[in-house]
Amino acid sequence: MKLWSGMLDGSLDKDAEIFNSSIKIDKRLVFDDITGSIAHVKMLGKQGIIGEDEADKIIKGLNKIEEKLKAKTLEIDMACEDIHTFVEGALISEIGEVGKKMHTARSRNDQVTTDLKLYIKKEGLEIINYLKIYSKSLTNLAKNHTETIMPGYTHLQAAQPVSFAHHLMAYAFMNLRDISRMEACIKRLNELPLGACALAGTTYDIDRDFVANDLGFERVMGNSMDAVSDRDYVMDLASVLSIIAAHLSRLSEELIIWSSPAYKFIEIDDKFITGSSIMPQKKNPDMAELIRGKSARIIGNMNQAFVMMKALPLSYAKDMQEDKEFIFDSIDTIKISLKIMAGQIKSLSVNKEKMLEACKVGFLNATDLADYLVKKQVAFRDAHHIAARLVKYAIERNIALEDLDLETYKKESDLFQEDVYEAIDLKTCLKNRKSQGGPAPEEVLRQIAYVEGKIS
Ligand code: ARG
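All of these numbers come straight from a predicted model, not from anything done at the bench.

Comments concerning the overall build of the chain
Regarding its fold elements, the chain presents 19 helices and 6 strands. Its C-alpha atoms give the chain a radius of gyration of 31 Å, more than 25% over the compact-globule value 23 Å for 456 residues. Dimensions along the principal axes, computed over C-alpha positions, put the chain at roughly 100 × 55 × 40 Å. Here the chain holds 456 residues, and 50% of them are scored as buried. Residue pairs in contact within the chain that sit at least 24 positions apart in sequence constitute 74% of those at least 6 positions apart. A total accessible area of about 22,300 Å² is found for the chain, and carbon and sulfur atoms account for 53% of it. Separation of charge centres in the chain, based on 61 positive and 69 negative side chains, amounts to 3 Å.

Here's what the structure looks like:
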């Protein structure tokens, strides 16, 4: 029996029936559907659209269904068309004829989007929580590594010395933006669609503000056609999650590179790596690779949201039923990805010696060598040339800048003194980069404190 079987005979082609059904996907909205219905029915009773006693009966019936579902004495009937159909059917079985009054002054069009918004509000807050836990794993690890010198890269070519903490904190700052995007997304969707009915409102004297207030929405949506047509919040969330996924994917990529035998900067804990079935020496960073791989799905889901919506005429169209499968997938995938990334960061081992070694062979103090001369009034361009010649000389002899003798330095410029060695010591290079946002230990400690203040 279909909700809409009054005029049509309700018997769909078998394949069409399966094609049309969404309960497999939207069943997870069941408690939001019940919550939305309870608020709606309270309002119907208060406004005298149905009797107060009838409203009471319906609300009790809905509460009962919720209880039974939680106690597993009632199961969602997968033969129903969608979750709204199931809840209404279960209500009528529970309390009889009066249950048929629940759907007065609404439509599944305003109902489904209300349910989805309620669900996303909850999940959004949970994702923010996951983001904060992940962020904490970054700041905690960073605290131990403000003096752990590593190469900072551009073009994946070793450039200048930074600290491991500085590098980690770059991700913590991305994370702060992710949190603020997620908060803004929740705030933007926090308007009630219910009461728009099918598309053109209703002739009943409904009180939408009451329902909005009861369900924790900031206000009602101002136009009933927009209310049932709008999936901006799905596109918005899909985009926010895609940016988070892109950030996680970049860090995954770095973990993969840093843990490779050529770098050996870090070791990912055994809990997050797998071995090879044939090569006994292999330690494969599968979890990092999967986070990187799954980001493609999340970004693909965003694409699906936009393509699905971009040419739909107003107002509701069944295309929109497709919104749930991919947005649920993005929500689930980002949560598990954040959780696993936090776990990997928390249990990471850091190989400080390897990081330092990479700085030495990479001439990461070449800029500081030029800066040394600039501080002695040499123009930067000239200082750069002198430093470049010294680097070339060192490369040819396969030694580090700090291993060249003073005589060699003096051949290039007599401004070089014994103190050049102190100036190009990697520790000095790091310590002196104390400009705001820079890698000097004291400055990174300030960054850590700032992020911690934001996420606590
Ligand atoms: N299952 C539908 C969805 O997810 C509910 C709305 C159906 N409305 C309709 N007029 N067919 O979008």
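Quick word on helix H13 (residues 352-361)
Of all the residues in H13, the buried ones are Met 355, Ala 358 and Cys 359. Projected onto a plane normal to the axis of H13, the buried residues spread over an arc of 100° and lie on a single side. Exposed and oriented more than 90 degrees from the buried face of H13 are Glu 353 and Val 361.

What about the packing of aromatic side chains?
On inspection of all chains with the given rule, the structure shows 8 aromatic pairs. Ring centres of Tyr 409 and Phe 416 lie 4.9 Å apart, and the angle between their planes is 55°; on these two criteria the pair is classed as tilted. Exposure remark for Phe 416: the relative accessible area of 0% places this residue in the buried category. Both rings, one in Tyr 409 and one in Tyr 421, keep their centres 5.9 Å apart while their planes meet at 85°; by these two values the pair is edge-to-face. Taken as a pair, Tyr 409 in helix H16 (residues 406-412) and Tyr 421 in helix H17 (residues 420-423) lie far apart in primary sequence, 12 residues in all.

A word on empty space enclosed by the protein
Scanning the entire structure with this criterion turns up 3 cavities of 30 Å³ or more. Empty space within the largest cavity amounts to approximately 40 Å³. Along its surface, the largest cavity is lined by Tyr 153, Leu 156, Glu 254, Ile 257, Trp 258 and Tyr 263. Here the element with the most residues in the lining of the largest cavity is helix H10 (residues 232-258); it accounts for 3 residues. When grouped by side-chain class, the residues that make up the lining of the largest cavity number 5 nonpolar, no polar and 1 charged.

Points about the UniProt feature "domain: Argininosuccinate lyase C-terminal" (unreviewed entry) in the chain
Under the local residue numbering, the UniProt record ascribes the feature "domain: Argininosuccinate lyase C-terminal" (unreviewed entry) to residues 363-430. Helix makes up 63% of residues 363-430 and strand 0%, and the two end C-alpha atoms of the span are 14 Å apart.

Digging into the site of the ligand
By nearness alone, every residue bordering the ligand is listed as Ser 22, Asp 82, His 84, Arg 108, Asn 109, Val 112, Tyr 316, Lys 318, Gln 321 and Lys 324. Contacts to the ligand include Gln 321, whose side-chain N or O atom sits 2.7 Å from a nitrogen atom. For the ligand, whose accessible area on its own is 350 Å², the fraction buried by protein is 85%. Of the residues that constitute the shell around the ligand, the class distribution is 2 nonpolar, 4 polar and 4 charged.

A closer look at the packing of helix H6 (residues 108-143) against helix H19 (residues 441-455)
Where H6 contacts H19, the two axes come as close as 10 Å, and the packing angle between them is 155°. Taken together, H6 and H19 sit at an angle that is classed as roughly antiparallel. As H6 runs across H19, the sense of the crossing is left-handed. Of H19, the residues touching H6 (which contributes Lys 132, Ser 135, Lys 136, Thr 139, Asn 140, Ala 142 and Lys 143) are Ile 448, Val 451, Glu 452 and Ile 455. By residue class, the composition of the contact of H6 with H19 is 4 nonpolar, 3 polar and 4 charged.

Structural notes on unusual backbone geometry
For the bond running from Leu 314 to Ser 315, omega is 5°, close enough to zero to count as cis. Along the chain, Ser 315 turns up in the loop between helix H11 (286-309) and helix H12 (323-346). Phi at Cys 197 takes a positive value of approximately 60°, unusual for a residue other than glycine. Relative to the assigned elements, Cys 197 resides in the loop between strand S3 (191-192) and helix H8 (208-215). A positive phi angle, near 55°, is found at Phe 363, a position not held by glycine. Structurally, the position occupied by Phe 363 is in the loop between H13 and helix H14 (366-374). Exposure remark for Phe 363: the relative accessible area of 14% places this residue in the buried category.

Concerning a nonpolar patch on the surface
A cluster of nonpolar side chains, Leu 199, Met 225 and Leu 314, forms an exposed patch at the surface whose accessible area comes to about 270 Å². You can see Leu 199 is positioned in the loop between S3 and H8. Note on Leu 199: relative accessible area 34%, which makes it partly exposed.

Some points on helix H4 (residues 52-70)
Here H4 is 19 residues long and its end C-alpha atoms lie 27 Å apart, about the 27 Å a rise of 1.5 Å per residue gives. Regarding H4, the residues found buried are Glu 54, Ala 55, Ile 58, Ile 59, Gly 61, Leu 62, Ile 65, Glu 66 and Leu 69. One side of H4 holds all its buried residues, which, seen down the axis, span an arc of 160°. Turned more than 90 degrees from where H4 packs its buried face, Glu 52, Lys 60 and Lys 70 sit exposed. Buried residues belonging to H4 abut helix H3 (30-46) and helix H5 (83-95). At the C-terminal side of H4, Lys 72 shows a positive phi close to 60°.

Cut-off values and rules
Residues numbered from 1 in each chain as written. Predicted model: local features only at pLDDT ≥ 70, side-chain atom pairs only at ≥ 80, totals over all residues. Heavy atoms only, no water. Helix = DSSP H or I, 4+ residues; strand = E, 2+ residues; numbered from the N terminus. Rg over C-alpha atoms; globule rule 2.2 N^0.38 Å. Buried < 20%, exposed > 50% of the residue type's maximum accessible area, 1.4 Å probe, protein only. Contact = heavy atoms within 4.5 Å. Areas by Shrake-Rupley, 256 points an atom, 1.4 Å probe, with all protein chains shown as cover. Lys, Arg positive; Asp, Glu negative; His and termini not counted. Charge placed at Lys NZ, Arg CZ, Asp CG, Glu CD. Arc of directions from axis to C-beta. Phe/Tyr/Trp six-rings, centres within 6.5 Å; stacked < 30°, edge-to-face > 60°. 1 Å grid on protein atoms, 1.4 Å probe; cavity = no way out; pocket = protein on both sides within 12 Å on 5 of 7 lines; lining within 4 Å. Points joined across faces, edges and corners; volume = space filled by probe spheres on them. Nonpolar A, V, L, I, M, F, W, Y, C, P; charged D, E, K, R; others polar. UniProt positions renumbered as here; feature names shortened; annotations may be inferred. Near = heavy atom within 4 Å. Polar contact = N/O pair within 3.5 Å; in protein donor to acceptor, adjacent residues only side chain to side chain. Axes fitted to C-alpha atoms, helices over the stretch in contact; angles between N-to-C directions. Parallel < 35°, antiparallel > 145°, perpendicular 65-115°, else oblique. Left-handed = near helix turned anticlockwise from the far one by under 90°. Patch = residues over 30% accessible without salt bridge, like charges linked within 9 Å, V, L, I, M, F, W, Y side chains within 5 Å. Salt bridge = Lys/Arg side-chain N within 4 Å of Asp/Glu carboxyl O. Expected span 1.5 Å × (residues − 1).

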